[in-house]
Amino acid sequence: MLTRREALAATALAALFAAPSARAQDRLNVIASFSILGDFVKNVGGDRVEVATLVGPNGNAHVYAPSPGDAKKVADAKLVFVNGLGFEGWLERLVKASGTKAPIVVATKGIKPLERAGEHDHDHDHDHGRADPHAWQSVANAKIYVANIRDALIAADPAGKDAYSANAAAYLAKLDALERDVREVIAKIPADRRRVITSHSAFGYFQDAYGVNFTAPQGVSTEAEASAKDVAAIIAQIRKQKVAAVFLENVTDPRLVEQVARETGAKVGGTLYSDALTGDKGDATTYIDLIRHNLRQLASALVS
């Protein structure tokens, strides 16, 4: 027979193991349209939120095609977080197919959108319009995402207000530190060397905020190989602008950038993460890791 102390210990142990399951059942079931947004939601939601992401790590949201399974996820969700600014051109069709009644939360609400760098940008996109949707590339904008997510979670789950507010405050402090680090590192790069080429125009907000000039080859999409004209155009850009480095991206075909580097002698500065986080074993499993990784890559290629 168990002693009273042993019985109490057994009861406490059973409760400990049962608690996560019970909490999981009580969590707010939400959807985030892509991995970077999902990371923001997880940081603000914490243990009170169960987050499913439609376009996962290393996924390309521009060419994403929703599945019937995705429609069911959206149908079952209590909240659906999206980037907006035309990023999810497939969203309206998915929401209609799912029949969901969940609020659609546009995380970029309040952000002043930049105009796309040129008519060629994202010619593979679905109804991007004139706005550049990659607003998260500015850390200041990321803080607006977080505030919008916090407010939406509180509206959906008022009992969690204190938790959401505390989580958001803690994460915003980390983003403040990240912003300081970005500015300090970029300030050490000579102004005349802050020119790079990337596969597609995803870094306009980073350029606007931090003064690094990004150029993407005209006519290049993430769906198709570049034509000879495309390659000639980017080579001319590199030579004319004396570009210091060209970068690969984790959501685009690397062959174009590698070819351009061979033909111009420009340095391949490594891989930049633009539209998606990496998997668990990658260099950018979180948004903060993504920005820090890109910062290291830029500093290494442009300072030396």
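Look above for the structure.
All of the points below concern the structure found in this document.

How two helices sit against one another is set out by the angle between their axes and by the gap between those axes. Relative to each other, helix H2 (residues 35-45) and helix H6 (residues 161-187) sit at 125°, their axes nearing to 7 Å. Considering their axes alone, H2 and H6 lie oblique with respect to each other. Touching Asp39, Phe40, Asn43, Val44 and Gly45 of H2 are Tyr164, Asn167, Ala168 and Tyr171, all from H6. Class assignment for the residues of the contact of H2 with H6 results in five nonpolar, three polar and one charged.

Okay, the packing of aromatic side chains next. Throughout the structure, instances matching the rule amount to 10 aromatic pairs. Between Tyr64 and Trp90, the aromatic rings sit 4.4 Å apart at their centres with planes inclined by 65°, giving edge-to-face as the arrangement. Taken together, the residues span a long stretch of sequence, with Tyr64 in the loop between strand E2 (49-55) and helix H3 (68-76) and Trp90 in the loop between strand E3 (79-82) and helix H4 (91-98) at a distance of 26 residues. Trp90 shares its class with Tyr64; the two are buried. Members of the aromatic cluster, each reached through a chain of ring pairs, are Phe40, Tyr145, Tyr171 and Tyr287.

A few words on the pattern of salt bridges. Applying the stated criterion to the full structure yields seven salt bridges. Among the salt bridges present, the one from Arg48 reaches Asp157, with a minimum N-O distance of 2.9 Å. One end of the pair, Arg48, is in the loop between H2 and E2; the other, Asp157, is in the loop between helix H5 (139-156) and H6, with 109 residues separating them in the sequence. Among the residues examined, Asp157 registers a relative accessible area of 14% and is labelled buried.

Another point: the pairing of strand E1 (residues 28-34). Of all the seven residues making up E1, six are buried; the element is thus mostly covered by neighbouring parts of the structure. Sheet topology note: the E1/E2 ladder contains six bridges and is parallel. Looking at E2, one finds that Phe34 is bridged to Val55. The β-α-β motif built from E1, the intervening H2 and the parallel element E2 has right-handed crossover chirality.

Pairing in this open sheet of four strands is parallel, and the strands run E2-E1-E3-E4 from one edge to the other. Each edge of the open sheet carries a strand with a single partner, namely E2 and strand E4 (104-106). Each strand axis lies, on average, 25° off the axis of its neighbour in the sheet, ignoring direction. Bridging between E3 and E4 involves three bridges; their strand directions are parallel. Residue pairing for E4: Phe81 is matched across the bridge by Val105. Its contacts with the sheet place H3 against E1, E2 and E3, and it is angled at close to 150° to E2.

Right, let's talk about the sheet that holds strand E5 (residues 195-197) for a bit. With parallel pairing, the four strands of this open sheet are ordered in space as E6-E5-E7-E8. Strand pairing shows two members of the sheet lacking a second neighbour, strand E6 (213-215) and strand E8 (267-272), which therefore form its edges. Sheet twist, expressed as the average angle between the axes of neighbouring strands with direction ignored, equals 35°. As paired elements, strand E7 (residues 245-249) and E8 share four bridges and run parallel to each other. Bridged to Ala245 within E8 is Lys267. Packed on one face of the sheet, helix H9 (residues 255-264) meets E7 and E8 and runs near 165° to E7. Its contacts with the sheet place helix H10 (residues 287-303) against E5, E6, E7 and E8, and it is angled at close to 175° to E8.

The next point concerns the nonpolar core. Phe40, Phe81, Leu153, Leu175 and Tyr287 are the most contacted members of the largest nonpolar core, which totals 73 residues. If we ignore the near neighbours within four places in the chain, the residues touching Phe81 are Val30, Ile31, Ala32, Ser33, Leu37, Val41, Val105, Ile149, Ala152 and Leu153.

Before going further, it helps to spend a moment on the side chain of Ser98. Position of Ser98 among the secondary structure elements: in helix H4. Among the polar contacts listed, one links the side chain of Ser98 to the backbone oxygen of Val95, at a separation of 2.8 Å. In this view, Ser98 contacts Ala71, Val74 and Ala75; residues no more than four positions away in its chain are not counted.

Turning to its location among the elements, Arg194 is positioned in the loop between H6 and E5. Salt bridges are absent for the buried Arg194, whose nearest opposite-charge side chain, Asp192, sits at 7.7 Å. At 3.1 Å, the side chain of Arg194 forms a polar contact with the backbone oxygen of Ile186. Residue contacts for Arg194: discarding those within four places in its chain leaves Ile186, Ala187, Ile189, Tyr210, Gly211, Val212, Asn213 and Leu302.

Definitions and cut-offs
- Residues numbered from 1 in each chain as written.
- Predicted model: local features only at pLDDT ≥ 70, side-chain atom pairs only at ≥ 80, totals over all residues.
- Heavy atoms only, no water.
- Axes fitted to C-alpha atoms, helices over the stretch in contact; angles between N-to-C directions.
- Helix = DSSP H or I, 4+ residues; strand = E, 2+ residues; numbered from the N terminus.
- Parallel < 35°, antiparallel > 145°, perpendicular 65-115°, else oblique.
- Contact = heavy atoms within 4.5 Å.
- Nonpolar A, V, L, I, M, F, W, Y, C, P; charged D, E, K, R; others polar.
- Phe/Tyr/Trp six-rings, centres within 6.5 Å; stacked < 30°, edge-to-face > 60°.
- Buried < 20%, exposed > 50% of the residue type's maximum accessible area, 1.4 Å probe, protein only.
- Salt bridge = Lys/Arg side-chain N within 4 Å of Asp/Glu carboxyl O.
- Pairing = 2+ DSSP bridges.
- Right-handed = clockwise from strand over helix to strand, strands pointing away.
- Core = buried A, V, L, I, M, F, W, Y, C linked by side-chain atoms within 4.5 Å.
- Polar contact = N/O pair within 3.5 Å; in protein donor to acceptor, adjacent residues only side chain to side chain.
- Lys, Arg positive; Asp, Glu negative; His and termini not counted.

By themselves these figures say nothing about function.
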